[in-house]
Amino acid sequence: MALEWMNGPVEGSQQGVGHAAEGTASNRPGVVAAAVYQNGRRVRDIEIEEAGEWRNQENVVVWIGLHEPEQQLLRQVQKQFDLHDLAIEDAGKAHQRPKLEIYGDAIFVVARTAHMVEEEIAFGETHLFVGRGYVVSVRHGASTSYMAVRQRCESSPAALAHGENYILYSILDFIVDNYMPVVEAIHAEVEQLEDRLLRSRLDKAHIERLYLMRRNLLKLRNAVVPLVDVCRRHEHLELPGMDAAMEPLFRDVTDHVRRVQEDIDALREVLAFTFEASLMIGQSEQTEISRKLASWAAILAVPTAIAGIYGMNFDDMPELRFRYGYFVVLAVIFGLCGTLYRFFRRARWL
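Residues numbered from 1 in each chain as written. Predicted model: local features only at pLDDT ≥ 70, side-chain atom pairs only at ≥ 80, totals over all residues. Heavy atoms only, no water.

Focus on the packing of aromatic side chains
One pass over the structure, following the stated rule, counts 9 aromatic pairs. Taken together, a centroid distance of 6.1 Å and an interplanar angle of 50 degrees make the contact between Tyr37 and Trp63 tilted. A residue pair is termed long-range when its members are at least 10 positions apart, and Tyr37 in strand S1 (residues 31-38) and Trp63 in strand S3 (residues 60-67) qualify at 26 residues. Ring centres 4.5 Å apart and planes at 20 degrees place the aromatic pair Phe81 and Tyr134 in the stacked group. Here Tyr134 lies in strand S7 (residues 134-141) and Phe81 lies in helix H4 (residues 71-81), a separation of 53 residues in the sequence. Considered together, Phe81 and Tyr134 belong to a single accessibility category, that of buried residues. Through a chain of ring-to-ring contacts, the aromatic side chains of Tyr166, Tyr169 and Phe250 assemble into a single cluster. The ring of Tyr146 has Arg139 sitting right over it, with the charged end atom 5.7 Å from the ring centre. (Phe/Tyr/Trp six-rings, centres within 6.5 Å; stacked < 30°, edge-to-face > 60°. Helix = DSSP H or I, 4+ residues; strand = E, 2+ residues; numbered from the N terminus. Buried < 20%, exposed > 50% of the residue type's maximum accessible area, 1.4 Å probe, protein only. Lys NZ or Arg CZ within 6 Å of the ring centre and 35° of its normal.)

Regarding the sheet that holds strand S2 (residues 41-45)
Taking strand neighbours across the sheet as the criterion, the 7 strands line up as S2-S1-S3-S7-S6-S5-S4 in an open arrangement whose pairing is mixed. Looking at strand neighbours, the two that pair on one side only are S2 and strand S4 (99-103), the edges of this open sheet. Neighbouring strand axes in the sheet, compared pairwise and without regard to direction, differ in orientation by 20 degrees on average. The pairing of strand S5 (residues 106-117) with strand S6 (residues 120-131) spans 11 bridges and is classified as antiparallel. Each residue of the ladder has a partner; that of Thr113, found in S6, is Gly124. (Pairing = 2+ DSSP bridges. Axes fitted to C-alpha atoms, helices over the stretch in contact; angles between N-to-C directions.)

With respect to the nonpolar core
Core analysis: the largest hydrophobic core is formed by 52 residues, its most contacted members being Tyr179, Leu220 and Leu227. Ignoring anything within four residues of it in the chain, the contact list for Leu227 reads Pro98, Ala111, Leu172, Val176, Tyr179 and Val257. (Core = buried A, V, L, I, M, F, W, Y, C linked by side-chain atoms within 4.5 Å. Contact = heavy atoms within 4.5 Å.)

Quick look at a nonpolar patch on the surface
Residues Phe322, Tyr324, Tyr326, Phe327, Val328, Val332 and Leu336 make up a contiguous nonpolar surface patch of about 730 Å² in total accessible area. Along the chain, Phe322 falls in the loop between helix H11 (247-310) and helix H12 (325-346). The exposure class assigned to Phe322 is partly exposed, which follows from its relative accessible area of 47%. (Patch = residues over 30% accessible without salt bridge, like charges linked within 9 Å, V, L, I, M, F, W, Y side chains within 5 Å. Areas by Shrake-Rupley, 256 points an atom, 1.4 Å probe, with all protein chains shown as cover. Salt bridge = Lys/Arg side-chain N within 4 Å of Asp/Glu carboxyl O.)

Points about the confidence of the model for the protein chain
Residues of the protein chain with pLDDT of at least 70 account for 84%, and the chain-wide mean is 80. Looking over the protein chain, one finds the lowest element-wise mean pLDDT in helix H2 (residues 14-25), namely 37, and the highest in S3, namely 91. Note on residues 1-26: pLDDT under 50 across the span, and 50 contacts to partners over four residues away in sequence or across chains. (pLDDT = per-residue confidence, 0-100.)

Comments concerning the pairing of S7
Extensive coverage of S7 is indicated by the burial of 7 of its 8 residues. Note that S3 and S7 share 6 bridges and pair parallel. Each bridged residue has a counterpart across the sheet, and for His67 the counterpart in S7 is Arg139. For S6 and S7, the ladder comprises 8 bridges, and the chain directions are antiparallel. Note on S7: the bridge partner recorded for His127 is Val138. Following S6, the chain reverses through 2 residues before pairing antiparallel with S7; Gly133 in that reversal takes a positive phi of roughly 85 degrees.

Comments concerning the packing of helix H6 (residues 147-154) against helix H8 (residues 164-177)
Geometrically, a packed helix pair is captured by the angle between its two axes and the distance between the axes. At their nearest, the axes of H6 and H8 sit 10 Å apart, and the two run at 135 degrees to each other. The orientation of H6 relative to H8 falls into the category oblique. The chirality of how H6 crosses H8 is right-handed. Taking contact as the criterion, the partners of Ala148, Val149 and Cys153 in H6 are, on H8, Tyr166, Ser170, Ile171 and Phe174. Of the residues contributing to the contact of H6 with H8, the split by class is 6 nonpolar, 1 polar and no charged. (Parallel < 35°, antiparallel > 145°, perpendicular 65-115°, else oblique. Left-handed = near helix turned anticlockwise from the far one by under 90°. Nonpolar A, V, L, I, M, F, W, Y, C, P; charged D, E, K, R; others polar.)

So, the side chain of Gln261
Positionally, Gln261 belongs in helix H11. Not counting the four nearest positions on each side in its chain, Gln261 is found in contact with Arg221, Val224, Val225 and Val228.

Here is the structure:
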């Protein structure tokens with residue numbers, strides 16, 4: 001995607017950068033990384049209590065990454081950047097709908113993350129505080145670490161010099177990138193179900209799996225669709241502090257989100273058609289079995305009816321005293337049964 005094109009591959013020297021950031025995280029639970037960047041280059045790691053002093057310096061951006069922080073830590077971050085109470089309240093809780101809200105000269109973004117865990121989609125959330133001179137990311141639940149995003153940004157100081165706008169773009173781009181492996185994994189499983197359906201009928205376990213996949217795709221769609229509006233709003237300069245140079249990059253993310261949405265909708269339709277086809281095949285097999293049973297029932301009704309008549313034990317009945325009467329009745333029975341059998345075979349009921 002565009003992030004990879006601008007930044008290029010992460011060189012081996014960046015591994016030390018990631019390690020240093022992780023060293024900061026080990027000093028305090030909930031803090032993954034906290035660093036200061038000036039003109040796109042990393043200055044040093046900082047403590048949360050120092051963030052407010054750095055953010056007001058020229059060409060400086062403070063980038064803090066948190067993972068399921070406690071309320072006390074969030075309040076400390078709020079104090080450093082004057083974050084809104086409602087945004088802090090949302091960031092402390094998971095299960096928020098993807099959205100973008102403006103609080104004065106800062107924005108608050110909520111995005112849903114997704115990745116595969118043992119053939120199931122695991123969902124998480126990322127809350128982003130973005131303002132002049134700072135970016136704070138708060139991760140909840142299942143989510144891939146953003147350390148790779150930090151390393152990519154640090155490998156391209158010219159791009160990172162755009163500050164908080166470029167960091168926001170990089171994180172959103174990374175989140176959208178991680179949707180694709182989920183969609184591809186489900187697509188592969190859908191193809192397997194389709195192939196099995198063509199070879200034989202789906203059993204109960206496959207039907208349940210098909211329904212579960214369609215429900216998970218609906219959850220994924222509910223996470224992706226609101227992100228289209230979030231990214232689209234970043235294409236315009238109506239947001240506080242938005243850099244005009246970043247507009248094409250956010251447009252690229254919007255296009256990728258829409259493509260993911262289209263892929264999800266296509267997969268849901270395929271699953272619906274697969275489910276309907278399975279039902280139709282099952283109904284067709286039941287109809288075929290019913291026809292066979294009805295055909296054999298009609299054939300067996302002939303000897304049953306004739307045997308029932310002769311089982312009434314009346315004296316005055318035809319062929320009772322006829323020497324070849326028994327054989328004539330058997331011939332009539334076999335003749336009628338054979339005629340019915342040929343009729344049903346010709347009608348393809350047997």
